[in-house]
Amino acid sequence: MSQSLHSIRPWRQIDRRKSRQIMVGNVPVGGDAPITVQTMTNTLTTDVAGTIAQVQAAADAGADIVRISVPDEASSRALREIVAESPVPIVADIHFHYRRGIEAAEAGAACLRINPGNIGSADRVREVIAAARDYGCSIRIGVNAGSLERHLLEKYGEPCPDAMIESGLDHIRILQDNDFHEFKISCKASDVFMAAAAYQGLAEATDAPIHLGITEAGGLVSGTIKSAIGLGNLLWSGIGDTIRVSLSADPVEEVKVGYEILKSLGLRHRGVNIISCPSCARQGFDVIKTVEKLEKRLEHIKTPMSLSIIGCVVNGPGEALMTDVGFTGGGSGSGMVYLAGKQSHKLSNDQMVDHIVEQVEKRAAAIEAETVQAAE
Ligand code: SF4
């Protein structure tokens, strides 16, 4: 049911790579911290109200950390206001401009996404690192197959995993030479094979926490699939401490997809995991429409729990055994409700959505109460 079955189901066990833990604001990343879900705003950063609204929506959907681009000085000024209002730590996305890095640290960013090898002289690098240290910022090194350093492209001929790993290790060395260790690293590519190979290499070469992402993954459906394959494969093998799903879609969708990937692997749970059948001629009620309604009506539940909505008795009772709340379609416009894996009562289809929402809310409250009790 709601608690993890990993301990008694060894074939579900994922052994996470042992990484150092760093802090992104008040959120731990790496070590034994839960794998965090990130997204990035796509508003103009200078549109303070619009950006804060997007950060809030992402946080409401479960984002632990949100990244914001800081391309110019006006954005650095806006960042200060956004950070003050944000419910989650903000990562400032910086490219090339070392001044933006310093300004973002001063503005209260929790982390700078910056590649120290790309911001100029050793003095400039030292200044940015000093600002990060002074203002308690961590750093994410963000290697990207699409923007590898020229000398690496010349050495390797084209973007490839080895070039990405070398780039990552070069940036790491710069931070370490400056005695700065609060960093994590990503090495993204839009090609899942390249990204996965680069991440595997980096995971062996460093103990820094790893930020996973498949870059420019595409639209909602294609990007979700690509990310699920790329990130899923790495997470399954224990690699990854924080993830961002990149979609040409609303940041809230990125957060939802991120959670679904983690939920599918049992790595993190949030909200109601709905198990539903695809439906067929045997269904006792309209499964697809019902699931659509329930997904909307249950968005507010944050407690990890499971709900099975199954069209008929072929699979319904079996699935209901393993879920917190279940409904299985039957004949004559009614079906069976299951609570905590046990058959409970008959219910007519037209009362079903309201009733299931009520039962899920009740069960969520009970799970919360049990958790508080267990903690005490
Ligand atoms: S559970 Fe029943 S209704 Fe759903 S797909 Fe299977 S046979 Fe069809």
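Reading guide: rules and limits
Residues numbered from 1 in each chain as written. Predicted model: local features only at pLDDT ≥ 70, side-chain atom pairs only at ≥ 80, totals over all residues. Heavy atoms only, no water. Phe/Tyr/Trp six-rings, centres within 6.5 Å; stacked < 30°, edge-to-face > 60°. Helix = DSSP H or I, 4+ residues; strand = E, 2+ residues; numbered from the N terminus. Lys NZ or Arg CZ within 6 Å of the ring centre and 35° of its normal. UniProt positions renumbered as here; feature names shortened; annotations may be inferred. Domains from an automatic or database assignment. Salt bridge = Lys/Arg side-chain N within 4 Å of Asp/Glu carboxyl O. Buried < 20%, exposed > 50% of the residue type's maximum accessible area, 1.4 Å probe, protein only.

1. A closer look at the packing of aromatic side chains
Here's step 1: For the coordinates displayed, the defined rule picks out one aromatic pair.
Here's step 2: With a centroid separation of 5.2 Å and an interplanar angle of 75 degrees, the aromatic rings of Phe285 and Phe327 are classed as edge-to-face. Here Phe327 lies in strand S13 (residues 325–329) and Phe285 lies in the loop between strand S11 (272–276) and helix H10 (287–297), a separation of 42 residues in the sequence.
Here's step 3: Over the face of the ring belonging to Phe183 we find Arg20, whose NZ or CZ atom lies 4.9 Å from the ring centre.

2. Things to note about the UniProt feature "domain: IspG C-terminal" (unreviewed entry) in the protein
Here's step 1: The positions that UniProt labels "domain: IspG C-terminal" (unreviewed entry) are, in the present scheme, residues 273–362.
Here's step 2: Secondary structure within residues 273–362 divides into 30% helix and 31% strand; the distance between the first and last C-alpha atoms comes to 16 Å.

3. Some details on the domain arrangement of the protein
Here's step 1: Structurally, the protein comprises domain 1 (16–265) and domain 2 (272–375).
Here's step 2: On a C-alpha basis, the centroid separation for the pair domain 1 and domain 2 is 37 Å.

4. Looking at the pattern of salt bridges
Pairing between side chains of opposite charge can happen when the charged atoms of each approach one another.
Here's step 1: For the structure shown, the criterion picks out 18 salt bridges.
Here's step 2: The salt bridge involving Asp64 is made with Arg268; its shortest N-O contact spans 2.9 Å. Residue Asp64 is located in the loop between helix H1 (48–60) and strand S4 (65–69), and its partner Arg268 is located in the loop between helix H9 (251–264) and S11; the two are separated by 204 residues in the primary sequence.
Here's step 3: For Asp64, a relative accessible area of 14% translates into the label buried.
Here's step 4: Given a relative accessible area of 17%, Arg268 falls into the buried group.

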